[in-house]
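What follows is the residue order along each chain.
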Amino acid sequence: MIFETHAHYDDEAYDKDRDSLIRLLKEEGIAPIINVGASITSTKSTVKLAHDHSHVYAAAGVHPSEVEELEDKDIEWLRELAGDPKVIAIGEIGLDYHYDEPDREIQKIWFEKQLRLAKDIKLPIIVHTRDAAADTYEILRREEYRGIQGIIHCFSYSPEEADKYVKLGYHIGIGGVVTFKNGRKLQEIAKNIPLEKIVVETDCPYLAPEPYRGRRNSSAYLTYIIERIASLRNVSYEEIEKATYENAVALFGVRADG
Ligand code: NI
């Protein structure tokens, strides 16, 4: 089985075939699937999807680009929602200085409020961080957030940065970029970091791997990502499939058979 740690099947790209596609994925050996919320609205649809499909689980949280809409009562709403057994992570949360909106200070405030929530309720986190390596690391390494586990999703920083997050205890989410010609940094990371810190993800509908780059992504294409990691590390496909599956099971506490 392949453990998909990051998908957005609530996206309108799947409006025509969402439920049949998700069912088919299980038959193809892709399970569990974590669908990741990125706003209040998408967190609601994520939890609904998790209730509709036994092999889909939910990450509840608000992406840095969407935090301007938040009020403190929303954090309480997330806390209640996290009591649902199908909610297994807080995410995606973090900092995005690429689009750089809203203001960085506002992004930091809501990243930290969601971090404190994750720590309180002892759920792992899924971190979105783009062009914000230094600030993300500076926050995650603070004493008050030690002990939180999680994934630095769609890792886009240098191998040196990857080592720092791994030393903090975080897993590195490796997706389609590892198959790209210009994905050299991520290839170096996939080759060299400890195997027990690697999980696989698509971030679908975005970032489809080669040979599907530019098209609608699907968790079925995780096979191309696993294949690439295996060839970079010079080990078998099966070894990477099994290791990344067990890494995610250890992190999130769920497996394909419930
Ligand atoms: Ni995402």
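Everything that follows concerns the structure shown earlier in this document.
As the structure is a computational prediction, the values presented were derived from the model and not from experiment.

Novice: Please clarify how the packing of aromatic side chains should be interpreted in this entry.
Specialist: Ring pairs (aromatic) are described by centroid distance and by the angle formed between their planes. Under the criterion given, the structure shown has 9 aromatic pairs. For the ring pair Tyr-212 and Tyr-221, a centre distance of 4.1 Å and an interplane angle of 5° mean the geometry is stacked. A relative accessible area of 21% places Tyr-212 in the partly exposed class. Both rings, one in Tyr-221 and one in Tyr-224, keep their centres 6.2 Å apart while their planes meet at 70°; by these two values the pair is edge-to-face.

Novice: Would you explain the coordination of the nickel ion in this entry?
Specialist: For a metal bound by four donors in a tetrahedral arrangement, the ideal donor-metal-donor angle is 109.5 degrees, while six donors in an octahedral arrangement ideally sit at 90 or 180 degrees. Distances from the nickel ion to its protein donors, namely His-6 (NE2), His-8 (NE2), Glu-92 (OE) and Asp-203 (OD), fall within the range 2.1 to 2.3 Å. For the nickel ion, the 4 donor atoms in the first shell make angles of 84 to 173° at the metal, a pattern classed as irregular. Donor residues binding the nickel ion come from one chain and are separated in sequence as H-x1-H-x83-E-x110-D. Taken together, the positions of Glu-92 in strand S4 (residues 87-96) and Asp-203 in the loop between strand S8 (198-200) and helix H8 (222-233) put the pair 111 residues apart, joining distant regions of the chain. The exposure class assigned to Glu-92 is buried, which follows from its relative accessible area of 3%.

Novice: Got a minute to help me understand the side chain of Asn-35 in this structure?
Specialist: Mapped onto the secondary structure, Asn-35 falls in strand S2 (residues 30-36). Engagement of the side chain of Asn-35 in a polar contact is seen with the backbone nitrogen of Tyr-9, the distance being 2.6 Å. Filtering out sequence-adjacent residues up to four positions away, Asn-35 remains in contact with Ala-7, His-8, Tyr-9, Asp-10, Thr-46, Leu-49, Val-56, Tyr-57, Ala-58 and Ala-59.

Novice: I tried to follow helix H1 (residues 18-27) on my own but got confused; where do I start?
Specialist: Think of an α-helix as 3.6 residues a turn; residues three or four steps apart then line up on the same face. Turning to H1, its buried residues are Arg-18, Leu-21, Ile-22 and Leu-25. The buried residues of H1 occupy one face: seen down the axis, they fall within an arc of 95°. On its buried face, H1 is in contact with S2, helix H2 (40-52) and strand S3 (56-60). Just past H1, the residue Gly-29 takes up positive phi, approximately 90°.

Novice: Just checking my understanding: could you explain the sheet that holds S3 for this structure?
Specialist: Working definition: the strands of a sheet are paired by backbone hydrogen bonds and lie parallel or antiparallel to each other. The strand order across the open sheet built from 8 strands is S1-S2-S3-S4-S5-S6-S7-S8, with neighbouring strands paired in parallel fashion. With partners counted over all chains shown, the strands left at the sheet margins are strand S1 (2-7) and S8, one partner each. The average angle at which neighbouring strand axes cross in this sheet is 30°, direction not considered. Sheet topology note: the S4/strand S5 (residues 125-130) ladder contains 6 bridges and is parallel. Across the sheet, the residue bridging to Ile-90 is Ile-125, located in S5. Packing of helix H5 (residues 133-140) onto the sheet brings it into contact with S4, S5 and strand S6 (150-152), and relative to S5 it is tilted by some 150°.

Novice: Got a minute to help me understand the pattern of salt bridges in this structure?
Specialist: As a working rule, side chains carrying opposite charge can pair if their charged atoms are close by. Tallied over the full model, the rule gives 16 salt bridges. When the shortest N-O distance is used, the salt bridge between Asp-100 and Arg-104 registers 2.9 Å. The class of Asp-100 is partly exposed, set by a relative accessible area of 32%. Linked by salt bridges that have partners in common, Glu-112, Arg-116, Glu-138 and Arg-142 make up one network.

Novice: Would you mind going over the nonpolar core with me for this structure?
Specialist: Generally speaking, a soluble globular protein has its nonpolar side chains buried in company with each other. The biggest cluster of nonpolar side chains holds 70 residues, and the ones touching the most others in it are Tyr-9, Ile-125 and Ile-172. With 6 residues, H8 is the single largest residue contributor to this core. Not counting residues within four places of it along the chain, the set of residues in contact with Ile-172 comprises Ile-151, Ile-152, Phe-155, Ala-162, Tyr-165, Val-166, Ile-189, Ile-193, Lys-197, Ile-198 and Val-199. Listed in part, the 18 residues of the second largest apolar core include Tyr-57, Ala-59, Ile-88 and Ile-126.

Novice: Is there a simple way to think about the layout of surface pockets in this case?
Specialist: If a probe the size of a water molecule is rolled over the atoms, the empty space left behind becomes visible. In this structure, the largest pocket encloses a volume near 790 Å³. What lines the largest pocket is a set of 29 residues, among which His-63, His-128, Arg-130, His-153 and Asp-203 lie closest to the centre. The set of elements that each furnish at least two residues to the lining of the largest pocket consists of S4 and S5. With 3 residues, S5 is the single largest residue contributor to the lining of the largest pocket. For the lining of the largest pocket, the class distribution of residues is 10 nonpolar, 11 polar and 8 charged.

Cut-offs and rules
- Residues numbered from 1 in each chain as written.
- Predicted model: local features only at pLDDT ≥ 70, side-chain atom pairs only at ≥ 80, totals over all residues.
- Heavy atoms only, no water.
- Phe/Tyr/Trp six-rings, centres within 6.5 Å; stacked < 30°, edge-to-face > 60°.
- Buried < 20%, exposed > 50% of the residue type's maximum accessible area, 1.4 Å probe, protein only.
- Donors = N, O, S within 2.8 Å, 3.2 Å for Na, K, Ca; no water.
- Tetrahedral: all angles 85-135°; square planar, octahedral: opposite > 155°, others 65-115°.
- Helix = DSSP H or I, 4+ residues; strand = E, 2+ residues; numbered from the N terminus.
- Polar contact = N/O pair within 3.5 Å; in protein donor to acceptor, adjacent residues only side chain to side chain.
- Contact = heavy atoms within 4.5 Å.
- Arc of directions from axis to C-beta.
- Pairing = 2+ DSSP bridges.
- Axes fitted to C-alpha atoms, helices over the stretch in contact; angles between N-to-C directions.
- Salt bridge = Lys/Arg side-chain N within 4 Å of Asp/Glu carboxyl O.
- Core = buried A, V, L, I, M, F, W, Y, C linked by side-chain atoms within 4.5 Å.
- 1 Å grid on protein atoms, 1.4 Å probe; cavity = no way out; pocket = protein on both sides within 12 Å on 5 of 7 lines; lining within 4 Å.
- Points joined across faces, edges and corners; volume = space filled by probe spheres on them.
- Nonpolar A, V, L, I, M, F, W, Y, C, P; charged D, E, K, R; others polar.

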